[in-house]
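# Examination of the molecular architecture
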Amino acid sequence: MWCKQSFLPTLRKIGPLAAFILMLILLLLLIWLTHASYTYASLPMLISGRPFMSGFKYPSRPIRLWYMGITAFLTIALPYTVLARWLSHRQTRFAYWSFAIPTAVLYVYLLIILTIPFSWLIRYIDAMGFTPKRIQALFYSLGGYILILTFLYWVLRRPNAYTNSSS
């Protein structure tokens, strides 16, 4: 019982710099994982816009692989972000923004990565027509957008005891 009273309250209160570092580590890890192999999700490719213009002879395989990739990234990012949110002390303006900025950048990056196969899927459906699996993939994409945006809203909403002091 002594552990619950003495250790957990001090563990739960990490500073704004630590929260920033936690979220930045995850963001850099995901960027490194996608950039380590020259994929369409690497930052230079995303900035150029080339992934959205790519064409494939058989696009179902790359679309499926991208959906598996975004699912893996979300499986890593969601619990990590919940842990960082739980551990961070976001009661001041500086603490809140030091957590919110890398979190927003991370989830905008994940939204962009989800948009790439979604755009390929729309072009594929336009060229080849609807099938039940393609409709399921559309709903999977829309569910991913709803999940990411809802989670981002939950993570970034300000705490009730938000103060204006700088530390």
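Residues numbered from 1 in each chain as written. Predicted model: local features only at pLDDT ≥ 70, side-chain atom pairs only at ≥ 80, totals over all residues. Heavy atoms only, no water.

### What to know about the overall build of the protein chain
Keep this limit in mind: A run of H or I in DSSP counts as a helix once it spans at least four residues, and a run of E counts as a strand once it spans at least two, with each numbered from the N terminus. A simple rule labels every residue: compare its accessible area, found with a 1.4 Å probe on the protein chains alone, to the largest value its type can have, and call it buried under 20%, exposed over 50%, or partly exposed in between. Should any heavy atoms of two residues lie within 4.5 Å, those residues are counted as being in contact.
Within the protein chain one finds 7 helices and 0 strands. Starting at the N terminus and ending at the C terminus, the protein chain contains elements arranged as α-α-α-α-α-α-α. Residue burial in the protein chain is summarised as follows: out of 167 residues, 40% are buried. Restricting to contacts in the protein chain with at least 6 residues of sequence separation, those with at least 24 account for 81%.

### Some details on the packing of aromatic side chains
Heads up, the rule is: The pairing test for Phe, Tyr and Trp rings, Trp by its six-membered ring, is centres within 6.5 Å, and the orientation test on the planes gives stacked under 30 degrees, edge-to-face over 60, and tilted for anything in between. We count a charge as sitting over a ring when the NZ of a lysine or the CZ of an arginine lies within 6 Å of the ring centre and within 35 degrees of the ring normal.
One pass over the full model with this rule turns up 6 aromatic pairs. Relative to Trp120, the ring of Trp66 has its centre 5.4 Å away and its plane inclined at 75°; by these criteria the two rings are edge-to-face. Taken together, the positions of Trp66 in helix H5 (residues 60-87) and Trp120 in helix H6 (residues 93-128) put the pair 54 residues apart, joining distant regions of the chain. Here the two residues Trp66 and Trp120 agree in accessibility, since each one is buried. Relative to Trp97, the ring of Tyr96 has its centre 5.1 Å away and its plane inclined at 80°; by these criteria the two rings are edge-to-face. In this structure Tyr96 comes out as buried when scored by relative accessible area, which is 6%. Joined through ring pairs, the aromatic side chains of Tyr107, Phe151 and Trp154 make up one cluster. Sitting over the ring of Trp154, Arg85 keeps its end group 4.1 Å from the ring centre.

### Describing the nonpolar core
When a protein is soluble and globular, its nonpolar side chains tend to lie buried together. Our working rule: Residues grouped as a nonpolar core are buried Ala, Val, Leu, Ile, Met, Phe, Trp, Tyr and Cys residues, joined through side-chain atoms within 4.5 Å.
Counting 38 residues, the largest nonpolar core has Tyr67, Leu106, Tyr107 and Leu110 as its most contacted members. For this core, the secondary-structure elements that each account for two or more residues are helix H2 (16-36), H5, H6 and helix H7 (132-156). Among the elements that make up this core, the one with the highest residue count is H6 (16 residues). Not counting the four nearest positions on each side in its chain, Tyr107 is found in contact with Leu74, Ala77, Leu78, Thr81, Ile148, Phe151 and Leu152.

### Comments concerning the side chain of Thr103
For the record, the criterion: Pairs of N or O atoms are called polar contacts if they sit within 3.5 Å, as long as, within protein, a hydrogen donor faces a hydrogen acceptor (for residues adjacent in sequence, only side-chain-to-side-chain pairs).
Mapped onto the secondary structure, Thr103 falls in helix H6. Relative accessible area serves as the criterion here: at 0%, Thr103 is assigned to the buried category. A distance of 2.7 Å separates a polar atom in the side chain of Thr103 from the backbone oxygen of Phe99. Sequence-distant contacts of Thr103, that is, excluding residues within four places in its chain, are made with Met23, Thr81, Leu152, Val155 and Leu156.

### A word on the confidence of the model for the protein chain
For residues with low pLDDT, the predicted coordinates do not support detailed interpretation. Rules: The predictor rates its confidence in each residue with pLDDT, a number between 0 and 100.
Put simply, the protein chain has an average pLDDT of 76, and 69% of its residues get 70 or more. Model confidence for the protein chain, summarised as mean pLDDT per element, is weakest for helix H1 (residues 2-12) at 49 and strongest for H7 at 92. Overall, residues 1-8 carries pLDDT values under 50, and its contacts beyond four positions in sequence, including any with other chains, amount to 3 contacts.

### What to know about the packing of H5 against H6
Using the following cut-off: Only C-alpha atoms enter the line fits that serve as axes; for helices the fit covers just the stretch in contact. Angles between N-to-C directions range over 0 to 180 degrees. Convention used here: angles under 35 degrees read as roughly parallel, angles over 145 as roughly antiparallel, angles from 65 to 115 as roughly perpendicular, and any remaining angle as oblique. Here is the rule for handedness: rotate from the far helix to the near one, and if that takes an anticlockwise turn smaller than a right angle the crossing is left-handed, while a clockwise turn gives right-handed. All residues other than Ala, Val, Leu, Ile, Met, Phe, Trp, Tyr, Cys, Pro, Asp, Glu, Lys and Arg, Gly among them, are scored as polar; the first ten of these are nonpolar and the last four charged.
At their nearest, the axes of H5 and H6 sit 10 Å apart, and the two run at 160° to each other. The angle between H5 and H6 falls in the class roughly antiparallel. Judged by the sense of rotation from one axis to the other, the crossing of H5 with H6 is left-handed. In terms of residue class, the contact of H5 with H6 is made up of 22 nonpolar, 3 polar and 1 charged.

### Digging into the packing of H5 against H7
Packing of H5 against H7 brings their axes to within 12 Å, and their N-to-C directions diverge by 15°. Viewed along their axes, H5 and H7 adopt a mutual orientation that is roughly parallel. Viewed along their axes, H5 and H7 form a crossing whose handedness is left-handed. Of the residues in H7, those in contact with Tyr67, Thr71, Leu74, Leu78, Thr81, Val82 and Arg85 of H5 are Ala137, Tyr140, Ser141, Leu147, Ile148, Phe151, Trp154 and Val155. Taken together, the residues that form the contact of H5 with H7 break down as 11 nonpolar, 3 polar and 1 charged.

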